[in-house]
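Chain by chain, the residues run as shown.
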Amino acid sequence: MTRPALFEIRDLKARVPEAEILHGLSLTIGPGEVHAIMGPNGSGKSTLAHVLTGREDYEIVGGSVRFAGADLLAMNVEERARAGVFLSFQYPIEIPGVATAYFLRAALNAVRKSKGLPEIDAMDFLTLAKEKAKLVQMDQRFLSRALNEGFSGGEKKRNEIFQMAVLEPRFAILDETDSGLDVDALRAVSNGVNALRSPERSFLVITHYHRLLEHIRPDFVHVLMKGRIVKSGGPELALELDRRGYQWVEEELAGTAGASR
Amino acid sequence: MNETLVAPPASEGAFLLRASQSLQGALARQKGDPAWLCARRAQAVAQVQALGLPGPRAEAWRFTSLRALDKLAPLARIGGAPALPAFAPDALVLVLRNGRFDAQASQLRALPPGVAVAPLERALAEERPAARFGELARAEGHFFNALNEALFDGGVFLRLESGAVLDRPLQIVHLVDPSAEALPSAHARVHVILERGASAHVLERYLGAEGASFSNPVTELLLQEGARLGYARLQEEGPQAIHLGRVAARLERDAALQGLSVMWGAQLARAEFHVELAGNGAEASIDGLYLPAEGQHHDHTLSLRHLAPHTQSRQSFRGILAGNGRAVFRGQVYVAPGAQKIDARQSCKNLLLSPRAWVDALPQLEIHADDVKCSHGATIGRLDAEALHYLRARGIGRDEARALLTFAFANEILSALPEEALRSSLEAQLRSWLATHGKETTHA
Ligand SMILES: Nc1ncnc2c1ncn2[C@@H]1O[C@H](COP(=O)(O)OP(=O)(O)O)[C@@H](O)[C@H]1O
Ligand SMILES: [Mg+2]
């Protein structure tokens, strides 16, 4: 018997004032599943990630998203995060003056509060944070430094996964977390993700490279092009895309479109 | 002084009327002042009378109106003096109550060798710093300096001999005490001399009460060759207070001044910094934070004068404005002819939490040399939308995210403070200010 979907995106359309970017995207993700999304630059991958996490720059013009049975699109940014949706940003920003540990404890306590759990105090938090920092091999000194300030690209990405490990979301989107990582950093990040895999937790991994998917093995691979999912398959699809690029998918699409006329 | 026994009507010219009454009192009194000081005071009185209160067209007061001075009237007495903060047993503390030395409340124990701290009146009689006194904050042509010189009735004298080190900060606490006078007014005078290679930290705190009051303090800082001074000035007077203060400093060869000015209080406050970089290699850095809320006006007016080559100055100011709060930042950098290899930086960033808040930020450069690195920038804005989104995307609610970012904005100034105790107490104060005023009201 199939379990009910954790995430159900139906015919999602989203736009910015200048143009529509997602033109009717559908995707269903079950609990414990890892889905990968690949696609050319500018196809709408980050837009999907932002729309799912409630960024206010995008207007939803059609479709629906259900998360664990609830209407996700009716929730604001922080409500989605508290419900367990997490985004590892493609471009994590620097926030001077806000210490990483201080910020992350505030975030964890906001999540805990929404679940009716007591706040975690500074001492217990530090113990937890140090343990999770080890998981992604992040230097503990980053905890007391301002969020991402002066961090290298790789350090910023590690910090995203570290935050994910502390917040333990039910659904995590990784938007090109592997881009710009060297081999060691890639392994550290992948280990962090794999340690969090569980039958209850699902992932949507956006990437350009098969390399990441050797570490984090996906159950399904999808191709996103021009605001739609145009092809889906198993892990072998990722290898093929990595080798052959996207041109052939486009040609195949043009072919079937022609044939169906 | 009997200036407050008569309650003048709150009308045009009331301030000047009251001032001249106290001036007559001061001249009549002349208690134990040495002869040179009596002469100086007489000159200062003549200056006050000749100059008159600066009007709205005076260049220095274009953005800050002095009209509130005339409306300053004694209210029914509200409460007493603010409580003194608790001091560590070994802290060096000098308390001035309405500008006068309070021996009971002060602690001046175990001074290191080569360090002299004394109430100013005693020092003026004994140490004879006459030659240097009033040299930096000149009374000639300056109404408020002249008023201070005519009326000061106490203050602090600090002298460090060559190479001396003051191991603890000297805390000068200025208390506005309405239980002593119905309309308290203070004209405190602080005189600091650091001889060659000496080093010290001085913290001036201005604490106020509920009712109306007027503070007109002058601080002179003389840093001789290679001397180093950390200087912080915290203005926390009451909501009806008017505070017009000046710090005048002169830095000789390789001297370094690290200054900070924080403004929380008063209805009308101005802090002026006049710094002369007079010797090769001198460095001055002045940071500031101002937080005017409803009904408050905070003004920082600075002039950094590069008179010698290879000198550096840095001004770094941040403001958070709530309600109809107003702020003025005027930072002048002057580079004298022939003063080459100058590095002068200035930045002033403002966060407006309400559409009714207003800030005038006016950098001003006057450069007469060609090998000069100068940068200045002023920004006026709201919280960074990207940062706000990032915090919310981790589950932090909108209001809490705003408070966090607002705190971070101001705390960039405070976190640079080397003294842990001072820093954490200012951080706590900032949090409580934000809890009251930190919510952004909708922009039109
Ligand atoms: N906030 C925005 N404002 C304007 N255009 C946007 C915005 N976000 C995305 N776009 C545009 O939408 C398209 C898809 O962008 P994006 O989702 O970032 O693609 P990907 O992540 O797949 O590279 C691009 O053409 C991009 O320029
Ligand atoms: Mg992208």
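Predicted model, so just to flag it, every value in this text is computed and none were measured. (Residues numbered from 1 in each chain as written. Chains lettered and ligands numbered in written order. Predicted model: local features only at pLDDT ≥ 70, side-chain atom pairs only at ≥ 80, totals over all residues. Heavy atoms only, no water.)

### A few points about the overall build of chain B
Phase 1: Of regular secondary structure, chain B possesses eight helices and 21 strands.
Phase 2: A globule of 444 residues ought to have a C-alpha radius of gyration of about 22 Å, and chain B, at 22 Å, matches this closely.
Phase 3: Projected onto the principal axes, the alpha-carbon positions of chain B cover approximately 70 × 55 × 50 Å.
Phase 4: Among the 444 residues that make up chain B, the fraction classed as buried is 57%.
Phase 5: Put simply, of all contacts in chain B between residues at least 6 apart along the chain, 84% involve residues at least 24 apart.
Phase 6: Element-wise, carbon and sulfur atoms account for 51% of the exposed surface of chain B, whose accessible area totals about 17100 Å². (Helix = DSSP H or I, 4+ residues; strand = E, 2+ residues; numbered from the N terminus. Rg over C-alpha atoms; globule rule 2.2 N^0.38 Å. Buried < 20%, exposed > 50% of the residue type's maximum accessible area, 1.4 Å probe, protein only. Contact = heavy atoms within 4.5 Å. Areas by Shrake-Rupley, 256 points an atom, 1.4 Å probe, with all protein chains shown as cover.)

### Focus: the sheet that holds strand β13 (residues 256-263) of chain B
Consider a sheet: its strands pair through backbone hydrogen bonds, and that pairing is either parallel or antiparallel.
All names here are of chain B.
Phase 1: In spatial order, the strands read β2-β1-β5-β8-β11-β13-β15-β17-β19-β21; together these 10 strands make up an open sheet with mixed pairing. Two strands bound the open sheet, and with one partner strand each, they are β2 (100-107) and β21 (372-381). Between one strand axis and the next, the sheet turns through 10° on average, direction left out of account.
Phase 2: Where strand β17 (residues 312-321) meets strand β19 (residues 342-352), 10 bridges bridge the pair, whose relative direction is parallel. Residue F317 lies in a different strand from β19, and its bridge partner there is C348.
Phase 3: Running over the sheet, helix α7 (residues 398-414) touches β13, β15 (283-290), β17 and β19 and is turned about 150° from β17. (Pairing = 2+ DSSP bridges. Axes fitted to C-alpha atoms, helices over the stretch in contact; angles between N-to-C directions.)

### Brief notes about the site of ligand 1
Residue and element names in this part refer to chain A.
Phase 1: Around ligand 1, a shell composed of V16, E18, I21, P40, N41, G42, S43, G44, K45, S46, T47 and Y58 is seen.
Phase 2: At a separation of 3.3 Å, an oxygen atom of ligand 1 approaches a polar backbone atom of S43.
Phase 3: Contact between ligand 1 and Y58: a nitrogen atom at 2.8 Å from a side-chain N or O atom of the residue.
Phase 4: Compared with its free state, where it exposes 560 Å², ligand 1 has 61% of that area covered by protein.
Phase 5: It is helix α1 (residues 45-52) that provides the largest number of residues to the shell around ligand 1, a total of three residues.
Phase 6: Classifying every residue of the shell around ligand 1 by side-chain character gives four nonpolar, six polar and two charged. (Near = heavy atom within 4 Å. Polar contact = N/O pair within 3.5 Å; in protein donor to acceptor, adjacent residues only side chain to side chain. Nonpolar A, V, L, I, M, F, W, Y, C, P; charged D, E, K, R; others polar.)

### Points about the side chain of Q346(B)
Phase 1: Locating Q346(B) in the fold gives a position in strand β19.
Phase 2: Excluding anything up to four places from it in sequence, Q346(B) contacts Q315(B), F329(B), G331(B), Q332(B), V333(B), P363(B), Q364(B), S375(B), H376(B) and G377(B).

### Describing the sheet that holds strand β2 (residues 19-29) of chain A
Residue and element names in this part refer to chain A.
Phase 1: Pairing within the open sheet is antiparallel, and its four strands lie in the order β2-β1-β4-β5. Looking at which strands have only one partner, the edges of the open sheet turn out to be β2 and β5 (70-71).
Phase 2: Relative to β5, strand β4 (residues 59-67) runs antiparallel, the two being bridged by two bridges. Of the residues in β5, the one forming a bridge with R66 is D71.
Phase 3: Sheet strands touched by α1: β1 (7-16), β2 and β4. Its angle to β1, the strand with the most contacts, is close to 110°.

### Details of the coordination of the magnesium ion (ligand 2)
Ideal donor angles around a metal are set by the shape: a four-donor tetrahedron calls for 109.5 degrees, a six-donor octahedron for 90 or 180 degrees.
All names here are of chain A.
Phase 1: Those donors, S46 (OG) and Q90 (OE1), are the protein atoms that reach the magnesium ion (ligand 2), and they lie 2.1 to 2.3 Å from it. Of this pair, S46 sits in helix α1 while Q90 sits in the loop between β6 (85-88) and β7 (95-99); the two residues are 44 residues apart in sequence, bridging distant segments of the chain. The burial state of S46 is the same as that of Q90; both residues are buried. (Donors = N, O, S within 2.8 Å, 3.2 Å for Na, K, Ca; no water.)

### A word on the pattern of salt bridges
Once their charged atoms are close, side chains differing in charge can pair, the charge on each being opposite to the other.
Residues and elements named next belong to chain B.
Phase 1: Applying the stated criterion across every chain, the model contains 39 salt bridges over all chains.
Phase 2: Note that R356 is salt-bridged to E294, the shortest N-O span being 3.0 Å. Separated by 62 residues along the polypeptide, R356 in the loop between β19 and β20 (358-367) and E294 in the loop between β15 and β16 (297-306) bring together distant segments of the chain.
Phase 3: Residue class for E294 comes out partly exposed when judged on its relative accessible area of 49%.
Phase 4: Where R423 meets E420, a salt bridge forms, and the shortest distance between an N and an O atom there is 2.7 Å. Of this pair, R423 and E420 are both found in helix α8 (residues 420-437), three residues apart, which corresponds to roughly one turn of the helix. (Salt bridge = Lys/Arg side-chain N within 4 Å of Asp/Glu carboxyl O.)

### What about the packing of helix α3 (residues 100-114) of chain A against helix α4 (residues 122-135) of chain A?
All names here are of chain A.
Phase 1: Packing of α3 against α4 brings their axes to within 11 Å, and their N-to-C directions diverge by 105°. Here α4 runs roughly perpendicular to α3, going by the angle between their axes. Contacts between α3 and α4 involve A101, L104, R105 and L108 from the first element and A122, F125 and L128 from the second.
Phase 2: Looking at the contact of α3 with α4 residue by residue, the class counts come to six nonpolar, no polar and one charged. (Parallel < 35°, antiparallel > 145°, perpendicular 65-115°, else oblique.)

Any functional reading would require information beyond the geometric quantities listed.
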